[in-house]
Structure formats: C-alpha cells, structure tokens
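Examining the three-dimensional arrangement
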Amino acid sequence: MHWRVMLAAICVAGLGVSTSANAVNVTTYGNGLTTCASYLDAHEQQSSNEIAYLDWLSGYFSGVNATSSRTNNILGNSNLKAAVAWVGRYCRAHPDEPFSAAAFALLMGASASTATQAAEP
C-alpha cells in the first residue's frame with residue numbers, strides 16, 4: 001500500500017512539472033514562426049501570402065476554442081476581422097517579434113466577451 005501512495009505522489013508531482021514546462025515551450029509551425037514585419041509586408045502588398053497568415057491565425061484561435069475548458073469562442077462578441085486589426089497594431093508596435101507572439105498577446109488579453117477590446121498592444 002505504501003508504494004502505491006509514493007507512486008501516486010511521484011506521478012502528481014511529474015504532472016505539475018510537465019504542465020508548467022509545456023506552457024513555456026510550445027512548438028509552433030507555419031507562419032507563426034515568421035516575424036510580424038513579414039506579416040505586415042504581406043498585408044501591405046495585399047499578396048497571397050497574407051491569406052496564409054489569416055489561415056494560420058484562424059487555425060490558432062480555432063485550436064484554442066477546441067481545447068479551452070472556459071469558452072468555446074475566445075474572441076467573444078468580436079470577430080476574426082477585429083482580431084486581425086488588433087494583431088496588425090501589435091505587429092506594427094513589435095515588428096521583430098514572431099507572428100505567433102501577436103496571436104498569443106491577443107489571447108492573453110482576451111476574455112469570453114472582450115477579446116479585441118483589450119488594451120492597445
């Protein structure tokens with residue numbers, strides 16, 4: 001019986017470590033790896049590359065919605081167009097940061113009802 005308690009304690013301790021480590025080291029794919037400046041270039045040129053960024057962003061928020069236990073719509077009463085405008089402002093203020101950082105910053109400022117009404121980036 002004693003070994004079961006020890007094993008359970010080790011497993012619980014391991015879960016806590018893995019959760020906090022995962023929050024810091026998230027693997028990002030696709031356009032999330034490029035800089036905000038690259039996104040702004042695509043947006044200003046109205047090139048087909050801008051669509052790839054919008055697809056990445058909508059996939060990012062869809063993934064958050066699918067995995068969130070708090071809400072099924074992280075953008076709340078807003079919409080993707082407003083989120084894109086917010087991300088554009090963030091990218092203009094932080095051109096050297098990854099595009100994923102802009103999405104994450106919006107996510108961190110988001111609530112179930114006021115996602116894009118967060119403070120200016």
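Figured I'd write up the structure that's included with this text. Since we're looking at a predicted model, the values are computed, not measured. (Residues numbered from 1 in each chain as written. Predicted model: local features only at pLDDT ≥ 70, side-chain atom pairs only at ≥ 80, totals over all residues. Heavy atoms only, no water.)

Some remarks on the packing of helix 4 (residues 80–93) against helix 5 (residues 99–109)
Threshold: Lines fitted to C-alpha atoms define the axes here, with helix axes fitted over just the stretch in contact, and angles between the N-to-C directions of these axes take values from 0 to 180 degrees. Note on conventions: DSSP H or I runs of at least 4 residues are helices, E runs of at least 2 residues are strands, and numbering of each starts at the N terminus. If an angle is under 35 degrees, it is roughly parallel; if it is over 145, roughly antiparallel; if it lies from 65 to 115, roughly perpendicular; otherwise it is oblique. The hand of a helix crossing depends on one turn: near helix anticlockwise from the far one by less than a right angle means left-handed, and clockwise means right-handed. For this analysis, residues touch if any pair of their heavy atoms sits within 4.5 Å. Think of it as three bins: nonpolar holds Ala, Val, Leu, Ile, Met, Phe, Trp, Tyr, Cys and Pro, charged holds Asp, Glu, Lys and Arg, and polar takes everything else, Gly as well.
Packing of helix 4 against helix 5 brings their axes to within 9 Å, and their N-to-C directions diverge by 120°. Between helix 4 and helix 5, the crossing angle belongs to the class labelled oblique. Considering the relative orientation of helix 4 and helix 5, their crossing is right-handed. Residue-level contacts link Ala83, Trp86, Val87, Tyr90 and Cys91 of helix 4 to Phe99, Ala101, Ala102, Ala105 and Leu106 of helix 5. Taken together, the residues of the contact of helix 4 with helix 5 sort by class into ten nonpolar, no polar and no charged.

Topic: the state of the cysteines
The following threshold applies: Any cysteine sulfur atom paired with another within 2.5 Å is treated as part of a disulfide.
The final tally for this structure, using the stated rule, is one disulfide. Between the sulfur atoms of Cys36 and its disulfide mate Cys91 the distance is 2.4 Å. Handedness of the Cys36-Cys91 disulfide follows from its S-S torsion of about -50°: it is left-handed. Residue Cys36 is located in helix 2 (residues 36–45), and its partner Cys91 is located in helix 4; the two are separated by 55 residues in the primary sequence.

Quick notes on the nonpolar core
What counts is decided by this rule: Buried residues of nine kinds, namely Ala, Val, Leu, Ile, Met, Phe, Trp, Tyr and Cys, make up a nonpolar core once their side-chain atoms join them within 4.5 Å. Three labels apply to residues, based on accessible area from a 1.4 Å probe with only protein chains included: buried if under 20% of the type maximum, exposed if over 50%, partly exposed otherwise in between.
In this structure, Tyr39, Leu57, Val87, Cys91, Phe99 and Leu106 are the most contacted members of the largest nonpolar core, which totals 23 residues. Broken down by secondary-structure element, the contributors of at least two residues to this core are helix 2, helix 3 (49–67), helix 4 and helix 5. Excluding residues within four positions of it along the chain, Phe99 makes contact with Asn31, Gly32, Thr34, Thr35, Cys36, Tyr39, Tyr53, Trp56, Leu57, Val87 and Cys91.

Points about the packing of aromatic side chains
Operational definition: Pairing of aromatic side chains requires ring centres within 6.5 Å, counting the rings of Phe and Tyr and the six-membered ring of Trp. Pairs whose planes differ by under 30 degrees are stacked, by over 60 edge-to-face, and all others tilted.
A full pass over the atoms with the stated rule returns seven aromatic pairs. Ring centres 5.4 Å apart and planes at 65° place the aromatic pair Tyr39 and Tyr53 in the edge-to-face group. Placement of the pair is Tyr39 in helix 2 and Tyr53 in helix 3, with a sequence separation of 14 residues. Overall, the relative accessible area of 2% leaves Tyr39 in the buried class. Judged by centre distance (5.5 Å) and plane angle (80°), the ring pair of Tyr60 and Phe61 falls under edge-to-face. A residue is classified by how much of its surface remains accessible, and Tyr60, at 21% relative accessible area, is partly exposed.

Function cannot be read off these values alone, since they describe shape.
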